[in-house]
Amino acid sequence: MKRDWHAWHQEYDDPVSSLSRRLEVIRHELDRALSWLETEGVDHPRLVSLCAGDGRDVLPVLAAGHPTVSATLVENDAPLADRARAEAARLGLSGVDVRTADAGVSDSVRERVPAHLLMACGVFGNVPDADVLATVQSLPHLLAGNALVIWTRGHRIDPRDPSAVDGDPSTFVRQAFLDHGFCEVAFVRPEDASYRVGVSRFTGQPAPYADGLRMFTFR
């Protein structure tokens, strides 16, 4: 059965839910990542958010202190994308481009890469292991040197979880990044919640943009 993403978003209404707690961690890491890029001399960072939902992780952080960021939010669900556009307009974020498109293919971010920061939050828990690897292996085509990736992975609590690996599936994701030209900057794994949030920095060699590159197919 396909997940009802609008119902899923309602968990954010509970300020102590695991999803709300994860959101606060993502916002904190995003603010920290953007501040680091600024100290590295990146004056106008390019940010790409895949499967961005209504943008509630990105937009408040940009509005609170990072107005020079050029952000591309990709979301295939039209009502969620419309909400993100409306919120970006309300916040006066003229540098935000919300695209209603399939985030699993590189075409969705054409002309908006290489990115200095890429967000893959809510992606890896909804695609099979092979797609996790394909995504990580594809990222050099979308990233600038020393770019940061913020990603999430829930511990296996849903019977629809697509991973076939043993143990905590976030371990598989962490290793995939380490094996493909990234170093780990941060990893948050609370003892009393199922979410994990990782931050990885690209230390490899950027590759030319590739159109039509399929990274994942969202469930």
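Heads up: these notes are all about the structure in this document. (Residues numbered from 1 in each chain as written. Predicted model: local features only at pLDDT ≥ 70, side-chain atom pairs only at ≥ 80, totals over all residues. Heavy atoms only, no water.)

### Observations regarding unusual backbone geometry
With an omega of 10 degrees, the peptide bond running from Val113 to Pro114 counts as cis. Mapped onto the secondary structure, Pro114 falls in the loop between β3 (96-99) and β4 (115-120). Its identity as a non-glycine residue notwithstanding, Cys51 has a phi of 55 degrees, on the positive side. Along the polypeptide, Cys51 turns up in the loop between β1 (46-50) and α3 (59-65). For Glu111, which is not glycine, the phi dihedral falls at a positive 70 degrees. (Helix = DSSP H or I, 4+ residues; strand = E, 2+ residues; numbered from the N terminus.)

### A word on the pattern of salt bridges
Applying the stated criterion to the full structure yields 15 salt bridges. Here Glu29 ties to Arg32 by a salt bridge, and the two come within 3.0 Å at their closest N and O atoms. Of this pair, Glu29 and Arg32 both sit in helix α2 (residues 18-39), 3 residues apart, which is roughly one turn of that helix. For Arg32, a relative accessible area of 41% puts it in the partly exposed group. Residues Arg85 and Asp82 are paired through a salt bridge, measuring 2.8 Å at the closest nitrogen-oxygen approach. Of this pair, Arg85 and Asp82 are both found in helix α4 (residues 78-90), 3 residues apart, which corresponds to roughly one turn of the helix. On the basis of relative accessibility, which here comes to 32%, the residue Arg85 falls in the partly exposed class. Salt bridges sharing common partners tie together Asp54, Arg56 and Arg83. (Salt bridge = Lys/Arg side-chain N within 4 Å of Asp/Glu carboxyl O. Buried < 20%, exposed > 50% of the residue type's maximum accessible area, 1.4 Å probe, protein only.)

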